[in-house]
Amino acid sequence: MSAELFGFNIDNYKFEEAVSVAKELIDGKKVSQVITINPEMFEYSNSDSEFSNIIKEAEMVIPDGIGVKIALKINGNNIDRIPGIDFAKRLLQESAKNNIPVAIIGAKEEIITRAIENLEKEISGLNIVYYQNGYFDNDKEIYDNLLTKSPKLVLVALGSPKQEKFIYNAKSILKPCLMVGIGGSLDVWSGNIKRAPLIFQKLGLEWLYRTITQPSRLKRIFPTLPVFIIKAINYKFSK
Ligand code: UDP
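These numbers come from a predicted model, not from an experiment.

Here is what the cut-offs are and how they apply
- Residues numbered from 1 in each chain as written.
- Predicted model: local features only at pLDDT ≥ 70, side-chain atom pairs only at ≥ 80, totals over all residues.
- Heavy atoms only, no water.
- Helix = DSSP H or I, 4+ residues; strand = E, 2+ residues; numbered from the N terminus.
- Rg over C-alpha atoms; globule rule 2.2 N^0.38 Å.
- Buried < 20%, exposed > 50% of the residue type's maximum accessible area, 1.4 Å probe, protein only.
- Contact = heavy atoms within 4.5 Å.
- Areas by Shrake-Rupley, 256 points an atom, 1.4 Å probe, with all protein chains shown as cover.
- Lys, Arg positive; Asp, Glu negative; His and termini not counted.
- Charge placed at Lys NZ, Arg CZ, Asp CG, Glu CD.
- Near = heavy atom within 4 Å.
- Polar contact = N/O pair within 3.5 Å; in protein donor to acceptor, adjacent residues only side chain to side chain.
- 1 Å grid on protein atoms, 1.4 Å probe; cavity = no way out; pocket = protein on both sides within 12 Å on 5 of 7 lines; lining within 4 Å.
- Sits in = over half its atoms within 2 Å of the grid points.
- Nonpolar A, V, L, I, M, F, W, Y, C, P; charged D, E, K, R; others polar.
- Phe/Tyr/Trp six-rings, centres within 6.5 Å; stacked < 30°, edge-to-face > 60°.
- Lys NZ or Arg CZ within 6 Å of the ring centre and 35° of its normal.
- Axes fitted to C-alpha atoms, helices over the stretch in contact; angles between N-to-C directions.
- Left-handed = near helix turned anticlockwise from the far one by under 90°.
- Core = buried A, V, L, I, M, F, W, Y, C linked by side-chain atoms within 4.5 Å.
- Points joined across faces, edges and corners; volume = space filled by probe spheres on them.

Trainee: Break down the overall build of the protein chain for me, with residues and values.
Mentor: In terms of regular secondary structure, the protein chain is built from 13 helices and eight strands. Relative to its length of 239 residues, the protein chain is compact, with a C-alpha radius of gyration of 17 Å against a globular reference of 18 Å. Taking the principal axes of its C-alpha atoms as reference, the protein chain extends roughly 50 × 40 × 35 Å. Across the 239 residues in the protein chain, those meeting the buried criterion constitute 50%. Across the protein chain, contacts joining residues at least 24 apart in sequence account for 75% of those joining residues at least 6 apart. For the protein chain, the accessible area works out to roughly 11,500 Å², and carbon and sulfur atoms hold 53% of it. Distance from the positive charge centre (31 side chains) to the negative charge centre (28 side chains) of the protein chain: 4 Å.

As structure tokens, this is what we get:
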């Protein structure tokens, strides 16, 4: 099941369904890409046809932010929001249960090491076979390392669009696995950035909390979010 928005197919799954589909992809015969899409990514796709093509070819595209949920609703689709950070954590828990080898790539060295320390404490049996900070120049070296270590789940936190491009290029190189772009999740798992309190999460207002606590993000969200919603309204009437 999927819904269409601005020419892209967005998967319409409940959280648990998305987890089962991801588990099938982990056991699949090819490299699969999960994109957790937000309004900034839709905006960016207008100026980069390579990026737009990557979204179209992704095996799973799930709506990360409340902005995408609202835009879909305006266009007649009621879809559950699947926060990428919760989805990725859940996949780590599933991997631990089934002894699936995991790789994690991204963020600054001290952030990724602290994040892994915390994850290993929280999720018993987690099998991280490879990790790499996100500040490297030679992608080929990283692909080679991944080929050697053969993880089945690869979480990539390089921010967008870097992580989507890194994953897309890996599709023709790596052995079958599931690769998920996870944005700033390592910063949260390291304890460096606090996640919004549950009430903000439940109301879909994490963006508001993040903007209050990190005012530098204001530039990023405004005017992107309101412009995105206005475009979604126009899109509805243009169809
Ligand atoms: N990052 C990285 N390498 C880069 C650029 C960014 O590893 O060349 C990391 C950065 O340290 C941060 C994450 O990518 O941990 C991006 O986080 P951001 O909050 O921008 O992601 P979002 O979820 O908003 O796309």
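Trainee: Run through the site of the ligand, naming residues and quoting values.
Mentor: In the region of the ligand, 14 residues are neighbours, and Ala-107, Gly-134, Lys-162, Asp-187 and Arg-220 sit closest. The contact in question runs from an oxygen atom of the ligand to an N or O atom on the backbone of Ala-107, over 2.8 Å. Between the ligand and Lys-162 there is a distance of 2.6 Å, counted from an oxygen atom to a side-chain nitrogen or oxygen. In the complex, the protein chains occlude 74% of the 540 Å² of accessible area that the ligand would expose alone. Here the ligand occupies the largest pocket. Looking at the shell around the ligand, its residues break down into four nonpolar, six polar and four charged.

Trainee: Would you mind going over the packing of aromatic side chains in detail, with residue names and values included?
Mentor: Evaluated as defined, the whole model comprises ten aromatic pairs. Look at Tyr-44 and Phe-51: their rings are 5.1 Å apart centre to centre, the planes differ by 65°, and that puts the pair in the edge-to-face class. Between Tyr-143 and Phe-166 the ring centres are 4.7 Å apart and the planes differ by 25°, which places this aromatic pair in the stacked class. Placement of Tyr-143 in helix H7 (residues 139–149) and of Phe-166 in helix H8 (residues 162–170) is noted, with a sequence separation of 23 residues between them. In this structure an aromatic cluster arises from ring pairing among Phe-6, Phe-8, Phe-42, Phe-228 and Tyr-235. The positively charged end of Lys-236 is found above the aromatic ring belonging to Phe-237, 6.0 Å away from the centroid.

Trainee: Lay out the packing of helix H3 (residues 49–57) against H8 in plain terms, naming residues and giving numbers.
Mentor: Look at H3 against H8: their axes get within 10 Å of each other, and the N-to-C directions meet at 65°. Judged by the twist between their axes, the crossing of H3 over H8 is left-handed. Mapping the contact onto sequence places Glu-50, Phe-51, Asn-53, Ile-54 and Glu-57 in H3 and Glu-164, Lys-165 and Tyr-168 in H8.

Trainee: Outline the nonpolar core, supporting the account with residue identities and numerical values.
Mentor: Core analysis: the largest hydrophobic core is formed by 36 residues, its most contacted members being Met-60, Phe-87, Leu-92, Leu-153, Leu-178, Leu-186 and Trp-189. Of all the secondary structure elements, the ones that give two or more residues to this core are helix H1 (15–26), strand E4 (60–63), helix H5 (84–97), strand E5 (102–106), helix H6 (109–122), strand E7 (153–157), strand E8 (177–181) and helix H9 (185–189). It is H5 that provides the largest number of residues to this core, a total of six residues. Ignoring any residue separated from it by four or fewer positions in sequence, one finds Phe-87 in contact with Phe-15, Ala-18, Val-19, Ala-22, Val-34, Met-60, Ile-62 and Ile-82. Counting residues in hydrophobic clusters, the runner-up holds 21 residues, among them Ile-10, Ile-54, Ile-229 and Ala-232.

Trainee: An account of the layout of surface pockets is needed here, citing residue identities and associated values.
Mentor: Approximately 1,300 Å³ is the volume found for the largest pocket. Contributing to the lining of the largest pocket are 48 residues, with Gly-183, Gly-184, Arg-210, Arg-217 and Arg-220 lying nearest its centre. Here the lining of the largest pocket takes four residues from helix H2 (residues 39–45), the largest share from any one element. The class makeup of the residues in the lining of the largest pocket is 19 nonpolar, 17 polar and twelve charged.

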